[in-house]
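Structural description and commentary
One letter stands for each residue in the lines below.
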Amino acid sequence: MADARAPGQVLVTGATGLVGEAVTRALLGAGHEVVALVRSPAGAAPLAAAGARLRTGDITDPETLRSAVPAGGAVVHAAQLRVRRAGAGALRRIEAAERVSTAALAEACIAAGARLVYPSGAFVWGDHGDRWIDEDTPFTPSPLGAGKAAVTRRLRVLRGRGLDAVVLHLGFVYGPGSTFRTAFYQPARRGLLRCPGRGHNYWSPVHADDAAGAVLAAVERAPAGAEYAVVDDEPLPLRALVDQLTDALGRRRVGSVPPRALALAAGAPAV
């Protein structure tokens, strides 16, 4: 591991999201000065109350990102374009926003001597059945991982120009919000949850607070250029994940739904 960095200023994009908020609170708890980049301060009052300094910006406006990068500090790029349905068109918009925003932050970090921590995702490795995946596994991304795989490859190239980047490939992030809430928790509470397909495919979840702990370590101690898979220590089939959720809620275990039917609601790339 690299020598620990002293607490300094960290810019967190997407600070009101599930990962971004957990990261902001972890950084504040470790003594860092946090600038939370938000689209609207109105929804970020709890972060301001916790000690973060709010700054308005948008990942579709690169200039608001470049001007916010702290000299000699760090950037955690946790923002992602939000869509209701992950269809092909929405996926293209997500990938474009990811590509443009990360490129702007990377160039600004090179100029400012700042570290860039990029939370990627496990979808960059695609489907490997029941075989183990680690950081040396080549990228064969699923549709939801293609954009992040391309961005990660670009960050690797920019290391040759002096970019100090650390990439964290997060598993399926669960916690009080975001996709876990809308796709699993709320439908389970309402008796509408169904398991997509047979549920034999393995998932590697990670709790938002554990993901935030990994980001904190990446900001403070990871070697420049490092990449890590960040997941809980026990992958499980999707069927088991669904059963654990319904059991925890005291609900009856649910049946399955054909993936094609789910694609109508969630979008084919998501399925």
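Everything discussed here concerns the structure shown above.
Summary of the structure given here. Keep in mind that this is a model prediction, so the values were computed, not measured.

Reading the values: rules and limits
Residues numbered from 1 in each chain as written. Predicted model: local features only at pLDDT ≥ 70, side-chain atom pairs only at ≥ 80, totals over all residues. Heavy atoms only, no water. Core = buried A, V, L, I, M, F, W, Y, C linked by side-chain atoms within 4.5 Å. Buried < 20%, exposed > 50% of the residue type's maximum accessible area, 1.4 Å probe, protein only. Helix = DSSP H or I, 4+ residues; strand = E, 2+ residues; numbered from the N terminus. Pairing = 2+ DSSP bridges. Right-handed = clockwise from strand over helix to strand, strands pointing away. Axes fitted to C-alpha atoms, helices over the stretch in contact; angles between N-to-C directions. 1 Å grid on protein atoms, 1.4 Å probe; cavity = no way out; pocket = protein on both sides within 12 Å on 5 of 7 lines; lining within 4 Å. Points joined across faces, edges and corners; volume = space filled by probe spheres on them. Nonpolar A, V, L, I, M, F, W, Y, C, P; charged D, E, K, R; others polar. Salt bridge = Lys/Arg side-chain N within 4 Å of Asp/Glu carboxyl O. Phe/Tyr/Trp six-rings, centres within 6.5 Å; stacked < 30°, edge-to-face > 60°. Contact = heavy atoms within 4.5 Å. Expected span 1.5 Å × (residues − 1). Arc of directions from axis to C-beta.

Judged by nonpolar contacts, the single largest core of 32 residues is most densely connected at Val 12, Val 23, Leu 27, Val 76, Leu 168 and Val 219. Breaking this core down by element, the ones donating at least two residues are β1 (9-13), α1 (18-29), β2 (33-38), β4 (74-77), β6 (164-170) and α7 (208-220). The element that contributes the greatest number of residues to this core is α7, accounting for seven residues. Val 69, Ala 114, Leu 163 and Ala 165 belong to the second largest nonpolar core, which has 20 residues in total.

β2 sits mainly inside the fold: five of its six residues count as buried. Judged from the five bridges that link them, β1 and β2 form a sheet pairing that is parallel. The residue of β2 that forms the bridge with Leu 11 is Val 35. The handedness of the β1 to β2 crossover, carried by α1, is right-handed. Relative to strand β3 (residues 53-56), β2 runs parallel, the two being bridged by four bridges. The residue of β3 that forms the bridge with Val 38 is Thr 56. Chirality of the crossover, the property in question, places the unit of β2, helix α2 (residues 45-50) and β3 among those that are right-handed.

This next bit is on the sheet that holds β3. With parallel pairing, seven strands are arranged side by side in an open sheet as β3-β2-β1-β4-β5-β6-β11. One side of each edge strand has no neighbouring strand; the edge strands of this open sheet are β3 and β11 (227-230). Between one strand axis and the next, the sheet turns by 20° as a mean value, whatever way the strands run. Relative to strand β5 (residues 115-121), β4 runs parallel, the two sharing three bridges.

Our focus in this paragraph is the layout of surface pockets. Taken as a whole, the second largest pocket encloses approximately 280 Å³ of empty space. Of all the secondary structure elements, the ones that give two or more residues to the lining of the second largest pocket are β7 (172-174) and α8 (238-248). For the lining of the second largest pocket, the leading source of residues is α8, giving four residues. Of the residues contributing to the lining of the second largest pocket, the split by class is nine nonpolar, one polar and two charged.

As a further point, take the pattern of salt bridges. Scanning the model with the defined rule gives 13 salt bridges in all. Note that Arg 221 and Glu 220 form a salt bridge whose closest N and O atoms lie 3.6 Å from each other. Judged by its relative accessible area of 13%, Glu 220 is buried. Connected through shared salt-bridge partners, Arg 239, Asp 243, Asp 247 and Arg 253 make up one network.

Further remarks concern the packing of aromatic side chains. Evaluated as defined, the whole model comprises seven aromatic pairs. Summarising the aromatic geometry, the rings of Phe 180 and Phe 184 are spaced 6.2 Å apart at their centres and angled 20° between planes, so their arrangement reads as stacked. Taken together, the residues span about one helical turn, with Phe 180 and Phe 184 both in helix α6 (residues 178-189) at a distance of four residues. One exposure class covers both Phe 180 and Phe 184, and it is buried. Within the aromatic cluster, the residues linked to one another by ring pairs are Phe 172, Tyr 174, Phe 180, Phe 184 and Trp 203.

Attention now goes to the side chain of His 169. Topologically, His 169 is positioned in strand β6. Ignoring any residue separated from it by four or fewer positions in sequence, one finds His 169 in contact with Ser 120, Gly 121, Ala 122, Val 124, Trp 125, Phe 139, Thr 152, Glu 227, Tyr 228, Ala 229 and Val 230.

This paragraph deals with the environment of Val 166. As for its placement among the helices and strands, Val 166 is situated in strand β6. With relative accessibility at 0%, the residue Val 166 sits in the buried group. Taking C-alpha positions, Val 166 is 9.6 Å from Val 76, a pair spaced 90 residues apart along the chain. Each residue touching Val 166, except ones within four places of it in the same chain, is listed here: Arg 115, Leu 116, Val 117, Tyr 118, Ala 218, Ala 222, Pro 223, Ala 226 and Tyr 228.

What follows concerns α6. Residues lying three or four places apart along an α-helix face the same way, a consequence of the helix completing one turn every 3.6 residues. Helix length check: α6, at 12 residues, gives a terminal C-alpha distance of 16 Å against a target of 16 Å (1.5 Å per residue), a fit within 8%. Buried within α6 are the following residues: Phe 180, Phe 184, Pro 187 and Ala 188. When α6 is viewed along its axis, its buried side chains cluster within an angular range of 130° and face the same direction. The inward-facing, buried residues of α6 abut β7, β9 (202-203) and α8. Backbone geometry just after α6 places Gly 191 at a positive phi near 75°.

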